[in-house]
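# Survey of secondary and tertiary structure
Residues per chain are reported as follows:
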Amino acid sequence: MSATEEIPATPVLAQASPRSAMANWQRGALVLLGSAAALAPIFVLESFQLFQLTMAVIMALAVLGLNIVTGYNGQISLGHGAFYAVGAYATAILMSHGDWSFWATLPVSAAVCAGLGYAVGFPALRLGGLYLALTTFSLAVAVPQILKHRAIEDWTGGVQGLFLVKPDPPSWLPVDADQWMYLVALGVSAVLFLLSWNLIRSRVGRALMAIRDNPTAAEAMGMDIATLKTRAFAVSAMITGIAGSLGAVVIEFVAPDSFGFGVSISLFVGMVVGGVASIAGSIFGGLFVLFVPNIAEEVSKAAPGVIYGAILILFLFLLPDGFAGLLRRAAARWRRVAARNGDGP
Amino acid sequence: MNTTARRSLLAGAAGVLAAPRLAPAQESPGVTAGEIRIGSTNALSGPVSSYSVISRCLSAMFKRLNDEGGVNGRKVNFIVYDDGYQPPRTLEQTRRLVEQDRVAFLFNQLGTPTNSAIHRYVNQRKVPHLFLATGADKWSNPREYPWTMGWQPSYRIEAQIYAKHLLEQKPNARIALLYQNDDFGKDYIAGVRDVLGARFDSMVRAVSHEATDPTIDSQIVSLAATGADVLICGLTPRFAAQAIRRAHDIGWKPMLFMSNVSISGSVVMQPAGPEKGVGVITSDYRKDQSDPAWANDPGMEEWRGFMRRFVPDGELGDNNYTYAYGAGTTMIQVLRQCGNDLSRENVMRQAAGIAPLEIATLLPGVKVSTSPANFSPIRHMQLQRWDGKSWVRFGNVIEGAQV
């Protein structure tokens, strides 16, 4: 398969100049279409479905965070649920004890999670592959119990958790609370997706991938592996933590039981199904994580887990390189066909 | 093709436009002339999915009801979604039930953290949130949460009952109270305080432990050193076994009350040592199906007949089934009381107006009853004592304190 994919490289190159002439307006149209598709649900969907979609956007953002460190930098993390939880609790504690506004808590939550991610990044330097996976997993297992600990119970609310109130929409905007939360989640996610997109295409992004693909060569080229790896962990934890903040305010409740290690596994599943090392794949990963368990339950109430597993295996079998891989292959085929016909669309 | 499509589309549009006038029942969400939709969530998957038999039993009870013609000609459509015991999913599934499936009300959702996550949502939306499958005390707060109601006696009521009994036996008791440091354990403090009032501080010495502690030996030793002659334990099973064994081993013989979630023979009494637990007191409101006293009991016969016909592969030893049968009976009673007015307001009014009701799987004398000021449907329990082999009921049914 891969051999046949290599062949049309030359025709594509031959077409390169007219294609890049089209690319600007194509890209513009794509952005417009994308924003329209992202905003349309506000007018089309009912509030419950909008709420689900809001959660899917938030999960997509959390998956994006994981993708930065695991997908692009090759450090396997099974513990991103912990950062999600810490972000959620940072926002919840500030909002319910300090009466902060939601927006003010975001930088704090981002900083706390980035700091925690940075700290986790150091042991990660000495641990590779499976050992790192297990170390981060232990973090995910430990966090719900730490949240219940007596020493911090006054802030975290212990097992009973904390309640918070989602921000009201601004009075000049004719939207209800659910629509507003969707816009908030969408806006914050869009900014972070854009920043990640830029980061990955920058010098740093290429360095991250080089370290993943061949650390020895990367080091020989003069890349500071330790700095890059720990910072990748920090950025990754920060993005997932911000997703946690959004999740807390949409659910309006945080409790240790909300952040079991299942969250970490879900994020990992979302990343693999969406496409490892793919920004767009993270979006699909978020949708998968939120909607597939519901589909599984519609099929069988007796054993939803079995159906979920079957769907997951089916996806991995049909889309071995994730949803993003499917998009890439479809785009390649489309270009090939266009090149063979000699006339682009 | 095209015309047909357009015609059916037009017909559909006309139908949609006409619908509000055709169906006056629309004012009560989830209710039509032939159906009433009721929603619930349970842990169908995940670590506590053993509780999913509760939903199975309830579904079977509604099936029996529908086979018999339903309530006032309406069939019950009971929709249960899986939340995996994760609070965010409980909120998601509850919103699906309320906003998408448009259920009339919610019934018997499982778990304390899960119900906490939707507590405010359902009260803001004014959706009845009835007979929850959790023993926390916070569900009976009609002033702040007038749409939420529990069912089983809360841990707080349990503690009130122990306190009432011990005051009768030992008016000048010195009480030691050992509790797990969470909302479960703290309900026991609240219950004892309800009964003792101002005397609490002089009579009670309370010590807590963390769920993460390896043992509670040191707590037992320090409580024994206070010279207390009563020990009330708000503990989960592993610590319950430790407490019973340790108290016996150091030669402390208080009147020992044990939380009724921690009285299983195989999980608590055997590990503690059956002979070391002789005399331990606990409480129950259900008939224990393994107790030969109920072999020919009409109520339990009714339940066994139901199980044979509607849940033929159900494990008869699982007391979640007797629990669910009680909760389901209560719900059906409320539906009957509602008559033809199944609006959310009336469902809540009827749920808060249950005249004392005997239930097949509950102990004689334990009655379900509610009022606008009392959102604790079951407030009675009977004490039972461990005789070295099994639990033996004694004394009369005791009611919790009026708070």
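Only a predicted model underlies this, so the values are computations on that prediction, with no experimental measurement involved.

This paragraph deals with the overall build of chain B. A count of helical and extended segments in chain B gives 13 helices and 13 strands. Relative to the globule expectation of 22 Å for 403 residues, the C-alpha radius of gyration of chain B, 24 Å, shows essentially globular dimensions. Its C-alpha atoms give chain B principal-axis dimensions of about 90 × 45 × 35 Å. Classification of the 403 residues of chain B by burial places 50% in the buried group.

The subject of this paragraph is the interface of chain B and chain A. Each partner contributes to the interface: chain B provides 24 residues, whereas chain A provides 24 residues. Elements supplying a minimum of two residues to the side of chain B that touches chain A: β2 (75-82), α3 (87-100) and α4 (112-125) of chain B. No other element matches α3 of chain B, which puts 8 residues into the side of chain B that touches chain A. Its residues assigned to classes, the side of chain B that touches chain A shows 9 nonpolar, 6 polar and 9 charged.

Moving on, we come to the sheet that holds β2 of chain B. Residue and element names in this part refer to chain B. As summarised here, the arrangement of the 4 strands in space is β2-β1-β3-β4, forming an open sheet in which the pairing is parallel. The outermost strands of the open sheet, each flanked by one partner alone, are β2 and β4 (129-130). Here strand β1 (residues 35-42) runs beside β2; their pairing, made up of 8 bridges, is parallel. Counterpart to Ser-40 in the pairing with β2 is Val-80.

All names here are of chain B. Segmentation of chain B into domains returns domain 1 (18-152 + 287-372) and domain 2 (155-284). Placing the centre of domain 1 and that of domain 2 at their C-alpha centroids yields a distance of 32 Å. Of the residues lining the interface, 5 residues belong to domain 1; the matching set on domain 2 comes to 6 residues. Class assignment of the residues belonging to the side of domain 1 that touches domain 2 gives a composition of 2 nonpolar, 1 polar and 2 charged.

With that settled, consider the pairing of strand β5 (residues 175-180) of chain B. All names here are of chain B. Along β5, 6 of the 6 residues are buried, which leaves the element largely enclosed by surrounding structure. Neither face of β5 is exposed, since Ile-175, Leu-177 and Tyr-179 on one face and Ala-176, Leu-178 and Gln-180 on the opposite face are all buried. Pairing between β5 and strand β6 (residues 204-209): 6 bridges, direction parallel. Looking across to β6, one finds that Ile-175 is bridged to Val-204.

Time to look at the pairing of strand β8 (residues 255-258) of chain B. Residues and elements named next belong to chain B. Bridge count between strand β7 (residues 230-234) and β8: 4 bridges; the pairing is parallel. In the strand pairing of β8, Val-230 is matched with Met-255. For the segment spanning β7, helix α9 (residues 237-249) and β8, crossover handedness is right-handed.

The next subject is the confidence of the model for chain A. Per-chain confidence: chain A averages 88 in pLDDT, with 92% of residues scoring 70 or above. Confidence over residues 1-21 of chain A falls short of pLDDT 50; this stretch has 10 contacts with residues more than four positions distant or in other chains.

Here we take up the packing of helix α6 (residues 102-126) of chain A against helix α12 (residues 225-251) of chain A. All names here are of chain A. One way to put it is that α6 packs onto α12 with a least axis distance of 6 Å and a crossing angle of 145°. Remark: the crossing between α6 and α12 carries right-handed chirality. Each residue belonging to the contact of α6 with α12 can be placed in one class, and the counts come to 19 nonpolar, 9 polar and 1 charged.

Our next topic: helix α10 (residues 203-213) of chain A. Residue and element names in this part refer to chain A. Of the residues making up α10, those classed as buried are Ala-207, Leu-208 and Ile-211. The arc that holds the buried residues of α10, viewed along the axis, is 105°, so those residues lie on one side. Buried-residue contacts for α10 involve α4 (47-72), α11 (215-220) and α12.

Attention shifts here to unusual backbone geometry. All names here are of chain B. Although it is not a glycine, Arg-102 sits at a positive phi angle of roughly 50°. Position of Arg-102 among the secondary structure elements: in the loop between α3 and β3 (105-107). For Arg-102, a count of 13 C-beta atoms within 10 Å translates into the label partly exposed.

What counts and what doesn't
In this numbering scheme, every chain counts its residues from 1 along its sequence in written order. Chain labels run from A onward and ligand labels from 1 onward, assigned in the order the entries are written. Where local features are concerned, this predicted model is filtered to residues with pLDDT of at least 70; where side-chain atom pairs are given and counted, the filter is 80 or more; whole-chain, interface and lining totals use all residues. Strands are runs of DSSP state E lasting at least 2 residues, helices are runs of H or I lasting at least 4, and numbering of each runs from the N terminus. C-alpha atoms define the radius of gyration, and 2.2 Å times the number of residues to the power 0.38 defines the globule rule. Counts of 20 or more other C-beta atoms within 10 Å of a residue's own C-beta define buried residues, counts of 12 or fewer define exposed ones, and intermediate counts define partly exposed ones; C-beta atoms are placed from the backbone. What counts as a contact here is a pair of residues whose C-beta atoms, placed from the backbone, lie within 7 Å. When residues are sorted by character, Ala, Val, Leu, Ile, Met, Phe, Trp, Tyr, Cys and Pro go into the nonpolar class, Asp, Glu, Lys and Arg into the charged class, and all the rest, Gly among them, into the polar class. At least two bridges found by DSSP between two strands are what make those strands a pair. An automatic or database domain assignment supplies the start and end points of every domain. Seen with its strands pointing away from the viewer, a crossover is right-handed when the path leading from the first strand over the helix to the second is clockwise. The quantity called pLDDT is the predictor's confidence in a given residue, expressed from 0 to 100. Helix axes use the C-alpha atoms of the stretch in contact, all axes being lines fitted to C-alpha atoms, and the angles between their N-to-C directions lie in the range 0 to 180 degrees. Crossing chirality is assigned from the near helix's rotation relative to the far helix, an anticlockwise turn below a right angle marking it left-handed and a clockwise turn marking it right-handed. Taking the helix axis as origin, the arc is that swept by the directions to the C-beta atoms.

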